[in-house]
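The residues making up each chain are set out below.
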Amino acid sequence: QVQLVESGGGLVQAGGSLRLSCAASGRTFNTDAMGWFRQAPGKEREFVAAITWTGSSILYADSVKGRFTISRDNAKNTVYLQMNSLKPEDTGVYYCAARRGTVRASMKSADFGSWGQGTQVTVSS
């Protein structure tokens, strides 16, 4: 079992930045990749970004390309999501997730087996 704890959410104005962190503990050796998802009120959870622990594969949703950057610190078992040029449509609960297997060309919630509790990100206009 892998435990994931997100932090770094908050309220920010449009155009601002936030950095989310996801600390992994437990059987992290059973995971190969980490991902970030988000869910806005009344909407389905959507993929944001994913990265392998080796850093060899990274994938972004088209909606965040050029604005968000996913990275990892293997020594700390932590994955980050740097979010710049935030827009009101980026508002939602952001979830960290872990999976066995690499990052594919398309990722969805069902591809990930472990999830954090989520952290709220609110972007005001």
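Above this note sits the structure.
(A) Spatial organisation of the pattern of salt bridges. Applying the stated criterion across every chain yields a total of 6 salt bridges. D62 is paired through a salt bridge with K65; the nearest N and O atoms lie 3.2 Å apart. Across the pair D90 and R67 runs a salt bridge, and its minimum N-O distance is 2.7 Å. Of this pair, D90 sits in the loop between strand 8 (78-83) and strand 9 (92-99) while R67 sits in the loop between strand 6 (58-60) and strand 7 (68-73), and the two are 23 residues apart along the sequence.

(B) Just the state of the cysteines, in detail. Here the structure, examined in full by the defined rule, presents 1 disulfide. Through a disulfide, C22 is tied to C96; the S-S separation comes to 2.0 Å. Sign of the S-S torsion, about -75° for the bond between C22 and C96, identifies this disulfide as left-handed. With C22 in strand 3 (residues 18-26) and C96 in strand 9, this pair connects stretches of sequence that are 74 residues apart. The exposure class of C22 is buried, given its relative accessible area of 0%. Judged by its relative accessible area of 0%, C96 falls in the buried class.

Conventions adopted
Residues numbered from 1 in each chain as written. Predicted model: local features only at pLDDT ≥ 70, side-chain atom pairs only at ≥ 80, totals over all residues. Heavy atoms only, no water. Salt bridge = Lys/Arg side-chain N within 4 Å of Asp/Glu carboxyl O. Helix = DSSP H or I, 4+ residues; strand = E, 2+ residues; numbered from the N terminus. Disulfide = S-S within 2.5 Å. Buried < 20%, exposed > 50% of the residue type's maximum accessible area, 1.4 Å probe, protein only.

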